[in-house]
Amino acid sequence: MMGKLWVTPEKLRALLCELVSWDSITLTEGEQAFAPKLVEKFRELRYFQDRPSLLQMQDAGLGRQVVTALYKHPEATETIVLISHFDTVQTEEYGSLEPLAYFPEELTKKLMENPEELPESARADLETGKYLFGRGTMDMKMGLALHMQLIEKASVEQWPINLVLTSVPDEEVNSAGMRAAVTHLVRIREEFGLTYKLFLNSEPSFSQNPTDIAEYIYTGTIGKIMPAALFYGKETHVGEPMKGMTANYIASFLTQRMEWNDSFRETDLGESTPLPVSLQQKDLKMSYSTQTPYRAVALYNVFLLKRTASEVMDLFEQVAEDAMQALNENYSMICEREQVTGIGSVKVLRYEELLTYANKKLGTEQVEQLKQQTLTNEQWDDREKSLRIVDDLMIQCQELAPATVILFAPPYYPAVNTSKDTLIVEIVALMKQSALSFNNKVDQIHYFNGICDLSYVNYEDEGKGWTAFENNTPVWGDTYSIPFDDMAELKGPVLNVGPFGKDAHQKTERLHLDSAFVEMPVMLETLIKSLF
Ligand SMILES: [Zn+2]
């Protein structure tokens with residue numbers, strides 16, 4: 001029996017620390033360098049030395065790549081897709097300890113020297129010696145390490161099933177990695193004659209409150225979409241306020257109706273979405289002057305369980321219509337009081353209506369040119385680009401003002417849930433059983449509330465509910481797209497089973513050692529073997 005590289009708790013811990021040491025903050029060079037390093041690491045396995053074509057990289061844009069490592073049994077077609085992301089969030093919050101953020105053993109030792117500097121719950125955990133601190137330990141390089149261990153075991157022991165490890169960049173920002181992986185997974189399914197039986201992610205299990213140490217498995221994931229608006233008023237000088245209308249005045253009506261609006265709340269299987277809030281609201285004036293701000297933008301966060309993009313757009317439009325009606329009533333009262341005629345009433349337009357209007361007025365060529373100027377600006381991200389495109393079109397079509405133009409800004413994560421799938425029901429029971437052997441308890445949550453890449457598989461939508469997204473996302477098809485057709489091809493139940501940890505995205509990010517190195521390897525192996 002040849003020695004395995006990643007199989008004992010000690011070796012797995014060393015593997016995790018190596019993966020963490022390859023710092024890979026989203027949108028940095030480290031993120032670009034990670035995929036080739038990971039491929040090199042897989043080449044340490046004899047299995048891939050003999051079968052180089054089973055190790056592949058797929059371009060995910062901006063110099064980043066998706067890695068797939070396929071363990072293929074000669075006779076099996078049934079395949080489990082193991083999903084992880086290898087990017088992490090930034091490390092500024094570590095302060096003077098920042099250089100150690102990627103060295104979990106050293107960081108954890110260093111923290112021991114001044115434990116009183118940590119918040120109470122983190123200090124208590126540190127002193128138990130049961131946690132390893134560091135950026136990416138919990139979220140989610142441990143999940144990747146566990147998947148690597150499964151690939152090695154399967155290949156050495158020749159498990160009669162196929163596994164496709166899929167590790168992606170950009171999960172923390174736009175999920176460009178997973179969106180690229182979807183199309184790649186459809187292609188390798190054809191290339192190797194695979195049938196996908198399960199999409200298994202191993203994002204960490206989050207505690208539901210600071211003292212909660214129960215472990216959770218997730219049989220779906222919450223969705224997220226961002227309705228946005230551009231408010232176009234009319235400029236004037238502060239000395240003549242009634243000759244114009246500020247965009248801030250317009251924005252205030254919509255934002256007040258979007259914040260905590262419970263018509264966006266969805267409930268399914270006893271779980272509910274958090275209420276919407278604004279993520280950004282600003283005017284587009286570049287600097288201070290006595291000209292009033294007449295263009296502003298706002299971005300709202302909406303969580304989803306069942307609704308499609310089209311349903312959210314209908315609801316958002318209704319809220320915007322109500323808001324503008326209230327504004328128009330308020331405004332005409334003020335005009336009456338001040339004895340002026342006013343600049344007219346504010347209307348609501350969808351981006352697609354503005355685009356149709358602009359194409360007619362300016363011609364598609366000029367509209368395309370305007371869009372390209374914005375799309376090629378490297379200073380702006382996809383959200384800024386979306387809003388700037390609408391702004392440019394409105395500047396050319398000012399006769400539509402005053403107006404509130406509604407749109408979607410990226411990213412969009414559809415919700416997915418397969419709690420009722422019979423395979424999932426069986427696996428959940430098995431995982432509860434398996435945890436008992438460690439005197440541990442596992443609870444099921446139907447929607448992972450941390451946003452994850454499972455959103456991009458098993459897409460179910462009979463009525464083309466995504467068309468409102470395609471038609472109202474200004475950067476769609478240029479700098480942002482979602483492969484809805486390929487996502488619908490990746491039919492299969494989804495599940496998230498990962499190690500327990502705390503404080504993702506904080507300097508106290510930490511991984512529970514027994515969960516990661518003792519329990520999870522057994523639980524995941526049990527899970528996969530149950531599918532033979
Ligand atoms: Zn994560």
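Quick caveat, the model's predicted, so the values are computed rather than measured. (Residues numbered from 1 in each chain as written. Predicted model: local features only at pLDDT ≥ 70, side-chain atom pairs only at ≥ 80, totals over all residues. Heavy atoms only, no water.)

This part takes up the packing of aromatic side chains. All chains considered together, the criterion is met by 22 aromatic pairs. Relative to phenylalanine 448, the ring of tyrosine 218 lies with its centre 4.7 Å away and its plane at 90°, an arrangement referred to as edge-to-face. In this pair, tyrosine 218 sits in strand 8 (residues 215-218) while phenylalanine 448 sits in the loop between strand 18 (442-445) and helix 14 (467-472), placing the two residues 230 residues apart along the sequence. A residue is classified by how much of its surface remains accessible, and tyrosine 218, at 0% relative accessible area, is buried. Ring centres of tryptophan 466 and phenylalanine 484 lie 4.9 Å apart, and the angle between their planes is 15°; on these two criteria the pair is classed as stacked. Of this pair, tryptophan 466 sits in the loop between strand 18 and helix 14 while phenylalanine 484 sits in helix 15 (residues 484-489), placing them 18 residues apart in sequence. In this structure tryptophan 466 comes out as buried when scored by relative accessible area, which is 12%. Judged by its relative accessible area of 3%, phenylalanine 484 falls in the buried class. (Phe/Tyr/Trp six-rings, centres within 6.5 Å; stacked < 30°, edge-to-face > 60°. Helix = DSSP H or I, 4+ residues; strand = E, 2+ residues; numbered from the N terminus. Buried < 20%, exposed > 50% of the residue type's maximum accessible area, 1.4 Å probe, protein only.)

Before going further, it helps to spend a moment on the packing of helix 6 (residues 137-157) against helix 16 (residues 513-529). Put simply, helix 6 and helix 16 touch, their axes get as near as 10 Å, and they point 50° apart. Between helix 6 and helix 16, the angle is such that the two are oblique. Crossing of helix 6 over helix 16 shows right-handed handedness. Together, Met142, Leu146, Gln149, Leu150, Lys153 and Glu157 of helix 6 and Ala516, Phe517, Met520, Pro521, Leu524, Glu525, Ile528 and Lys529 of helix 16 make up the contact between the two elements. Among the residues making up the contact of helix 6 with helix 16, the classes are represented as nine nonpolar, one polar and four charged. (Axes fitted to C-alpha atoms, helices over the stretch in contact; angles between N-to-C directions. Parallel < 35°, antiparallel > 145°, perpendicular 65-115°, else oblique. Left-handed = near helix turned anticlockwise from the far one by under 90°. Contact = heavy atoms within 4.5 Å. Nonpolar A, V, L, I, M, F, W, Y, C, P; charged D, E, K, R; others polar.)

Here we take up the coordination of the zinc ion. The protein atoms that coordinate the zinc ion are His85 (NE2), Asp139 (OD), Glu203 (OE) and Glu203 (OE), at distances of 1.9 to 2.8 Å. What the four donor atoms of the zinc ion show is an angle range of 51 to 146° at the metal, which sorts the shape as irregular. We note that the donor set of the zinc ion lies within a single chain, spaced as H-x53-D-x63-E. In this pair, histidine 85 sits in strand 3 (residues 78-85) while glutamate 203 sits in the loop between strand 6 (195-201) and strand 7 (205-206), placing the two residues 118 residues apart along the sequence. (Donors = N, O, S within 2.8 Å, 3.2 Å for Na, K, Ca; no water. Tetrahedral: all angles 85-135°; square planar, octahedral: opposite > 155°, others 65-115°.)

Note that every value here comes from positions in space, so none of it alone points to a role or purpose.
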